[in-house]
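Read off the chains here:
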Amino acid sequence: MIYDNTSTKSLCGYSIKAIEEINGVEHAEESDADDNPTKRQLIVIALMVLGFILCLGTVGDMEFHNTWSVWHTVRCVIGLLLMAAAVPVSGDVSANDVERLLPRRKR
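About the cut-offs
- Residues numbered from 1 in each chain as written.
- Predicted model: local features only at pLDDT ≥ 70, side-chain atom pairs only at ≥ 80, totals over all residues.
- Heavy atoms only, no water.
- Helix = DSSP H or I, 4+ residues; strand = E, 2+ residues; numbered from the N terminus.
- Buried < 20%, exposed > 50% of the residue type's maximum accessible area, 1.4 Å probe, protein only.
- Contact = heavy atoms within 4.5 Å.
- Areas by Shrake-Rupley, 256 points an atom, 1.4 Å probe, with all protein chains shown as cover.
- Patch = residues over 30% accessible without salt bridge, like charges linked within 9 Å, V, L, I, M, F, W, Y side chains within 5 Å.
- Salt bridge = Lys/Arg side-chain N within 4 Å of Asp/Glu carboxyl O.
- Polar contact = N/O pair within 3.5 Å; in protein donor to acceptor, adjacent residues only side chain to side chain.
- Expected span 1.5 Å × (residues − 1).
- Arc of directions from axis to C-beta.

Participant: Please give an account of the overall build of the protein chain that cites residues and values.
Facilitator: When helices and strands are counted, the protein chain shows 4 helices and 2 strands. Listed by position from the N terminus, the elements making up the protein chain come as β-β-α-α-α-α. Within the protein chain, the proportion of its 107 residues that are buried is 12%. Considering only contacts in the protein chain between residues 6 or more positions apart, those separated by 24 or more positions represent 47%. By element, 61% of the accessible surface of the protein chain is carried by carbon and sulfur atoms, the whole surface being about 9300 Å².

This is the structure we're talking about:
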């Protein structure tokens with residue numbers, strides 16, 4: 001079997017398509033998976049970044065003024081809650097996972 005060298009991607013005289021055919025792999029011109037993030041992923045990134053910035057800014061403010069107050073604690077807790085809220089929003093945790101981790105009490 002002779003393969004031509006007309007492909008722009010060639011390796012030692014054999015095209016990539018020919019090598020994949022020899023190895024029994026289907027040739028894919030482009031990936032079917034889209035590399036752009038989904039809206040859900042963008043929301044998760046925004047929640048994580050906002051929570052991290054809030055916590056970091058609060059600790060920086062505390063270091064600058066050398067005081068820690070209830071307001072600093074509240075802002076840090078809110079930042080941590082924003083970061084924790086990113087987990088269920090991401091969709092990586094199913095209802096079965098939550099039920100397994102936090103079983104309901106029977107009355």
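Participant: Describe in detail a nonpolar patch on the surface, supporting the description with residues and values.
Facilitator: Residues Leu42, Ile45, Val49, Phe52, Ile53 and Leu56 make up a contiguous nonpolar surface patch of about 590 Å² in total accessible area. With respect to the element layout, isoleucine 45 can be found in helix α2 (residues 39–65).

Participant: Give a detailed account of the environment of aspartate 61, specifying residues and quantitative values.
Facilitator: With respect to the helices, strands and loops of the structure, aspartate 61 is situated in helix α2. Looking at aspartate 61, the relative accessible area reads 26%, which means it is partly exposed. A sequence separation of 11 residues divides aspartate 61 from histidine 72, and the C-alpha atoms of the two residues are 8.5 Å apart. In contact with aspartate 61, not counting residues within four places along its chain, are His72 and Arg75.

Participant: Summarise the side chain of threonine 58; cite the residues concerned and give the values.
Facilitator: Looking at where threonine 58 falls in the secondary structure, it is placed in helix α2. Side-chain polar atoms of threonine 58 contact the backbone oxygen of leucine 54, separated by 2.7 Å. Contacts of threonine 58, omitting those with residues within four sequence positions, involve Trp68, His72, Arg75 and Cys76.

Participant: Tell me about unusual backbone geometry, and please be specific about residues and values.
Facilitator: One non-glycine residue with positive phi stands out, namely asparagine 66, at about 60°. One can find asparagine 66 in the loop between α2 and α3 (70–90).

Participant: If you had to explain the environment of methionine 83 to someone new, which residues and values would you point to?
Facilitator: Looking at where methionine 83 falls in the secondary structure, it is placed in helix α3. On a C-alpha basis, the gap between methionine 83 and leucine 50 in space is 7.9 Å, while along the polypeptide they are 33 residues apart. Apart from residues no more than four positions distant in its own chain, methionine 83 is found in contact with Leu47, Met48, Gly51, Phe52 and Cys55.

Participant: Explain α3 residue by residue, including any values.
Facilitator: With 21 residues, α3 should reach 30 Å at 1.5 Å per residue; the first-to-last C-alpha distance of 31 Å fits that figure. Among all positions of α3, only His72, Cys76, Gly79, Met83 and Ala86 are buried. In a view along the axis of α3, the buried residues occupy a sector of 65°, so they form one face of it. The outward face of α3, more than 90 degrees from its buried face, is lined by the exposed residues Val70, Trp71, Leu81 and Pro88. Buried residues in α3 make contact with α2. Where α3 ends, the next residue or the one after it, glycine 91, has phi of about 85°, a positive value.

What is shown is where atoms sit, not what they do.
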